[in-house]
Amino acid sequence: MKKQTYIIIIFFFINLIQAQKNSQDYFTLKGVLKNNYKGYLYVSYADKKDSCLLENNKFSFKGHISGNMTNVFFWLKGKTCVMKKEFFIENKNIKINLAFYDEIQDRDTTVFFHTTSIVGTKTALIQDDYERFAASNLYAKDQHQKLYRKLNTMAVKTQKIIMWVI
């Protein structure tokens with residue numbers, strides 16, 4: 001019985017190590033920019049910058065991040081730009097739909113980017129889960145306590161997963 005248990009544990013760790021070795025060490029970020037912009041789209045992440053020429057409103061970036069995730073900032077050259085929603089990339093294949101609009105503020109034009117959909121990252125799933133929960137409790141009397149408990153539960157689950165993998 002003990003021998004079978006040890007074999008199962010060893011098999012589990014071998015699979016875990018193989019999964020980590022086979023995991024992708026780069027990201028691809030493919031997307032569509034709505035609103036018919038023609039020109040270059042720029043992206044910043046970690047300490048890196050990249051650009052691509054939009055073709056038929058489509059863009060594609062490929063790169064590497066160290067660590068599990070990092071936030072991304074899209075921008076247009078010569079414009080003040082703001083991300084309406086925080087967006088994180090991981091070393092995975094990511095698909096995104098991105099929209100933008102201009103707004104004049106004190107005679108300056110600001111471009112606001114808004115991610116309408118993200119597929120391919122764990123952080124997007126977590127973020128969507130939290131946003132749905134927050135929206136469903138928007139008018140709850142104990143809204144702040146519920147949001148705190150949700151964040152706490154999410155943090156505990158993440159910590160348990162990390163400890164389990166280590």
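Residues numbered from 1 in each chain as written. Predicted model: local features only at pLDDT ≥ 70, side-chain atom pairs only at ≥ 80, totals over all residues. Heavy atoms only, no water.

## What to know about the sheet that holds strand 5 (residues 70-75)
Applicable threshold: Two strands qualify as a pair provided that DSSP identifies no fewer than 2 bridges between them. Secondary structure is summarised from DSSP: a helix means a run of H or I of at least four residues, a strand means a run of E of at least two, and numbering begins at the N terminus for each.
As summarised here, the arrangement of the four strands in space is 3-2-5-7, forming an open sheet in which the pairing is antiparallel. For this open sheet the edge positions go to strand 3 (48-53) and strand 7 (88-89), each flanked by a neighbour on one side alone.

## Considerations on the environment of Phe 73
What counts here: Contacts: residue pairs with any heavy atoms within 4.5 Å of one another.
Tracing the chain through its elements places Phe 73 in strand 5. Separated by 12 residues in the primary sequence, Phe 73 and Lys 85 place their C-alpha atoms 9.9 Å from one another. Every residue in contact with Phe 73, bar those within four places of it in the chain, is listed here: Tyr 42, Val 43, Ser 44, Cys 81, Val 82 and Met 83.

## Concerning the confidence of the model for the protein chain
What counts here: The quantity called pLDDT is the predictor's confidence in a given residue, expressed from 0 to 100.
Taken over all residues, the pLDDT of the protein chain has a mean of 82, while the share at 70 or more is 81%. Overall, residues 1-19 carries pLDDT values under 50, and its contacts beyond four positions in sequence, including any with other chains, amount to two contacts.

## Notes on the side chain of Thr 121
Condition: Polar contacts, as used here, are pairs of N or O atoms within 3.5 Å; protein pairs need one atom able to donate a hydrogen and one able to accept it. Residues neighboring in sequence count only if both atoms are side-chain atoms.
By the secondary structure assignment, Thr 121 is in the loop between strand 9 (108-119) and helix 2 (122-136). Among the polar contacts made by the side chain of Thr 121, one reaches the side chain of Thr 123 at a distance of 3.5 Å. Beyond its immediate sequence surroundings of up to four residues, Thr 121 is in contact with Phe 88, Glu 90 and Ile 94.

## Things to note about the nonpolar core
The tendency in soluble globular proteins is for nonpolar side chains to be buried as a group. The cut-off we apply is this: Nine residue types can take part in a nonpolar core, namely buried Ala, Val, Leu, Ile, Met, Phe, Trp, Tyr and Cys, and a core is a set of them joined through side-chain atoms within 4.5 Å. Relative accessibility thresholds used throughout: buried, under 20% of the residue-type maximum; exposed, over 50%; partly exposed, between the two (1.4 Å probe, protein chains only).
Judged by nonpolar contacts, the single largest core of 26 residues is most densely connected at Leu 29, Phe 59, Phe 61, Phe 74, Phe 87 and Phe 113. With four residues, strand 8 (residues 93-105) is the single largest residue contributor to this core. Apart from residues no more than four positions distant in its own chain, Phe 74 is found in contact with Leu 29, Leu 41, Tyr 42, Val 43, Phe 59, Phe 61, Cys 81, Met 83, Phe 87, Ile 96, Leu 98 and Phe 113.

## Points about the pairing of strand 2 (residues 40-45)
Within strand 2, five of the six residues are buried, which leaves it mostly tucked inside the rest of the structure. Note that strand 2 and strand 3 share six bridges and pair antiparallel. Across the sheet, residue Val 43 finds its bridge partner in strand 3, namely Asp 50. In this structure, the hairpin formed by strand 2 and strand 3 is closed by a connection of two residues, where Ala 46 is found at a positive phi of approximately 50°. Alignment of strand 2 against strand 5, held across four bridges, turns out to be antiparallel. Following the sheet pairing, Tyr 42 is matched in strand 5 by Trp 75.

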